[in-house]
Amino acid sequence: MASAPVPQTHEEPFTPLMARGLACLEPEDLLEGNLTLALGISAWLRRSGADLTDAVQAMLDIRDALVEVGGLDARTEPVPLLAGEARTAVLSLAIYLDGLVRRSAAVSGVSRSAVVERALERLGA
């Protein structure tokens, strides 16, 4: 007898799931052919109930918070271009955010996790 699918409760907001997930990434997670990031994004979307449009906005919000709490210069920090289909844009934005987490942590002298937590606090998430 097949079991029924478990209903989704969507009780976890996307922004903290995504940001904390990015903080845990390792360099090899971003290598071509590695599915860690794509699977992570998929899991964060499902757990939160967010769609790709919600994800893009949340990721841009965390970008702004990381620039601020990381002590980066908002005038020189690139703003990612979001071209193509939404799935590709979300994946590209996640790769950009991984680098931004790394740079923000380095400039502020704290760990990746600490800079992410500061950004989440800044957002009230």
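In case you missed it, the structure is sitting above this.
The paragraphs below set out a description of the structure included in this document. Note that the structure is a prediction, hence the values are computed from the model and not measured.

## A short note on the environment of Ile41
Among the structural elements, Ile41 can be located in helix H2 (residues 36-48). Taking C-alpha positions, Ile41 is 7.1 Å from Met18, a pair spaced 23 residues apart along the chain. If we ignore the near neighbours within four places in the chain, the residues touching Ile41 are Val90, Leu91 and Ala94.

## Focus: the side chain of Glu77
Mapped onto the elements of the fold, Glu77 is located in the loop between helix H3 (52-69) and helix H4 (86-108). A relative accessible area of 9% places Glu77 in the buried class. Within polar-contact distance, the side chain of Glu77 engages the side chain of Tyr96 at 2.8 Å. A polar side-chain atom of Glu77 sits 2.5 Å from a polar atom in the side chain of Arg103. Sequence-distant contacts of Glu77, that is, excluding residues within four places in its chain, are made with Arg63, Val67, Leu72, Tyr96, Leu100 and Arg103.

## A closer look at the pattern of salt bridges
According to the stated counting rule, one finds seven salt bridges in the structure shown. Residues Glu68 and Arg122 are paired through a salt bridge, measuring 2.8 Å at the closest nitrogen-oxygen approach. With Glu68 in helix H3 and Arg122 in helix H5 (residues 112-123), the pair connects residues that are 54 residues apart, well separated along the chain. One salt bridge in this structure joins Asp73 and Arg75, with 3.1 Å as the shortest N-O distance. On the basis of relative accessibility, which here comes to 30%, the residue Asp73 falls in the partly exposed class. Overall, the relative accessible area of 76% leaves Arg75 in the exposed class.

## A look at the nonpolar core
By size, the foremost hydrophobic cluster in this structure holds 33 residues, and its most contacted members are Phe14, Met59 and Leu97. Elements with a contribution of two residues or more to this core: helix H1 (14-23), H2, H3, H4 and H5. Every residue in contact with Leu97, bar those within four places of it in the chain, is listed here: Met18, Leu22, Met59, Ile62, Arg63 and Leu66.

## Looking at the packing of H1 against H3
Here H1 crosses H3 at 60°, and the two axes come no closer than 10 Å. The angle between H1 and H3 falls in the class oblique. The element H1 and its partner H3 pack so that their crossing is right-handed. The segment H1 lies against H3, with Phe14, Thr15, Met18 and Ala19 engaging Ala55, Ala58, Met59 and Ile62. Of the residues in the contact of H1 with H3, the class split is seven nonpolar, one polar and no charged.

## Remarks on the environment of Ala125
Structurally, Ala125 can be placed in the segment after H5. Among the residues examined, Ala125 registers a relative accessible area of 46% and is labelled partly exposed. Put simply, Ala125 and Ile62 are 63 residues apart on the chain and 9.9 Å apart in space, counted from C-alpha to C-alpha. Residues contacting Ala125, with those up to four places away along its chain left out, are Thr15, Pro16 and Leu120.

Definitions and limits used
- Residues numbered from 1 in each chain as written.
- Predicted model: local features only at pLDDT ≥ 70, side-chain atom pairs only at ≥ 80, totals over all residues.
- Heavy atoms only, no water.
- Helix = DSSP H or I, 4+ residues; strand = E, 2+ residues; numbered from the N terminus.
- Contact = heavy atoms within 4.5 Å.
- Buried < 20%, exposed > 50% of the residue type's maximum accessible area, 1.4 Å probe, protein only.
- Polar contact = N/O pair within 3.5 Å; in protein donor to acceptor, adjacent residues only side chain to side chain.
- Salt bridge = Lys/Arg side-chain N within 4 Å of Asp/Glu carboxyl O.
- Core = buried A, V, L, I, M, F, W, Y, C linked by side-chain atoms within 4.5 Å.
- Axes fitted to C-alpha atoms, helices over the stretch in contact; angles between N-to-C directions.
- Parallel < 35°, antiparallel > 145°, perpendicular 65-115°, else oblique.
- Left-handed = near helix turned anticlockwise from the far one by under 90°.
- Nonpolar A, V, L, I, M, F, W, Y, C, P; charged D, E, K, R; others polar.

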